[in-house]
Amino acid sequence: TATNHNGGAIHFGPDGKLYVAVGENANPGNSQTLTNRLGKMLRIDVDHTSGFLPYAIPSDNPFVSGGGSPEIWAFGFRNPWRFSFDRPTGRLFCADVGQEKFEEIDLVTRGGNYGWNIMEGGHCFNSASCNMNGLTLPITEYDHTEGIAIIGGYVYHGSAIPALQGKYVFGDFGSGTVWTLTESPPGAWTRDKLLSTSHSISSFGQDAAGELYLVDLGGTI
C-alpha cells in the first residue's frame, strides 16, 4: 500500500449523500479498474446501513446493479485533491493532480470516466492505447510550467469581493498561484490568474457566507 494518492476530500452533497474522493494509491491501473474503489469518486448513504456495512448504497449509483463496485459514482482519477459542490447549482468541481505534464479541473457527473491513466488532462498519456471513447475531458488544464500540483477550491458566492461572484477559485501547491474559472457562455470556461503568492497552498475553505479561505501547508490560513 502506497503512502500517497489516498483520500482527497469528503463532503456531503446537496442530495444528502456522502461523497469521498479516493486516489489510485500510486498505482495508475487502479483508476480504470471498476472492481476496486481506488482512483474513484465514491457515494454512500450514511443515514442507513446495509447488511454488514455501516452504510447503504444509494439505489441510483451507476454500478449498483453490477459492472463495478457499487460505491463508485465516477472514476478515472489519479489524485483528486479537493472537490466541492457549487451551492446554487449542486455541480461537483474536482481537481485532479497530474503525473508528468498536466493538472486538471473536472466537472464530475454520475458514471463519468475522467481519463486517468489513458489521458492526463486533455492529452494522451499512454499513446499506445489512447482510446478517448467514453471519456469526459477536463473543463480546464495547465501544464507544469505554471504549477505542479493542483488544489481544488470553490465557486465564490460571498459579498466581500463582488468581482469574483460566480467564479470558481483554485490554486497550485508548487507555484502558489491562484486562478479563477469563468463560465461564459454555458459550457465554455476561461481561466484567469488571480494571485501570485509564496504560499504552499494545500486547501481552500468556504464559510457560511460564501467567503473563501486559503490554507498553507505550514499551518496558516
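The rules behind these values
- Residues numbered from 1 in each chain as written.
- Predicted model: local features only at pLDDT ≥ 70, side-chain atom pairs only at ≥ 80, totals over all residues.
- Heavy atoms only, no water.
- Helix = DSSP H or I, 4+ residues; strand = E, 2+ residues; numbered from the N terminus.
- Buried < 20%, exposed > 50% of the residue type's maximum accessible area, 1.4 Å probe, protein only.
- Contact = heavy atoms within 4.5 Å.
- Areas by Shrake-Rupley, 256 points an atom, 1.4 Å probe, with all protein chains shown as cover.
- Polar contact = N/O pair within 3.5 Å; in protein donor to acceptor, adjacent residues only side chain to side chain.

**With respect to the overall build of the chain**
A count of helical and extended segments in the chain gives zero helices and 16 strands. Each of the 221 residues in the chain was classed as buried or not, and the buried ones make up 48%. Sequence-distant contacts in the chain: of pairs separated by 6 or more residues, those separated by 24 or more amount to 47%. Accessible surface for the chain amounts to roughly 10,200 Å². Of this, 53% is attributable to carbon and sulfur atoms.

**Structural notes on the environment of Glu183**
Position of Glu183 among the secondary structure elements: in strand 13 (residues 177-183). With 116 residues separating them along the chain, Glu183 and Gly67 place their C-alpha atoms 34 Å apart. With sequence-adjacent residues up to four places away left out, Glu183 is seen in contact with Arg91, Ala188 and Trp189. Polar side-chain contacts of Glu183 include one of 2.8 Å to the side chain of Arg91. Reaching out from Glu183, the side chain makes a polar contact with the backbone nitrogen of Gly187 at a distance of 2.8 Å.

**Notes on unusual backbone geometry**
That bond from Trp116 to Asn117 is cis: its omega, 10°, falls within 30 degrees of zero. Looking at the secondary structure, you find Asn117 in the loop between strand 7 (102-108) and strand 8 (119-120). A cis amide bond links Ser184 with the next residue in sequence, Pro185, at an omega value of -5°. By secondary structure assignment, the location of Pro185 is in the loop between strand 13 and strand 14 (189-196). We note that Asn25 has phi near 60°; this positive angle belongs to a residue other than glycine. The residue Asn25 is located in the loop between strand 2 (18-22) and strand 3 (40-44) in this model. Not every positive phi belongs to a glycine, and Ala26 is a case in point at roughly 60°. Relative to the assigned elements, Ala26 resides in the loop between strand 2 and strand 3. For Ala26, a relative accessible area of 40% corresponds to the partly exposed category.

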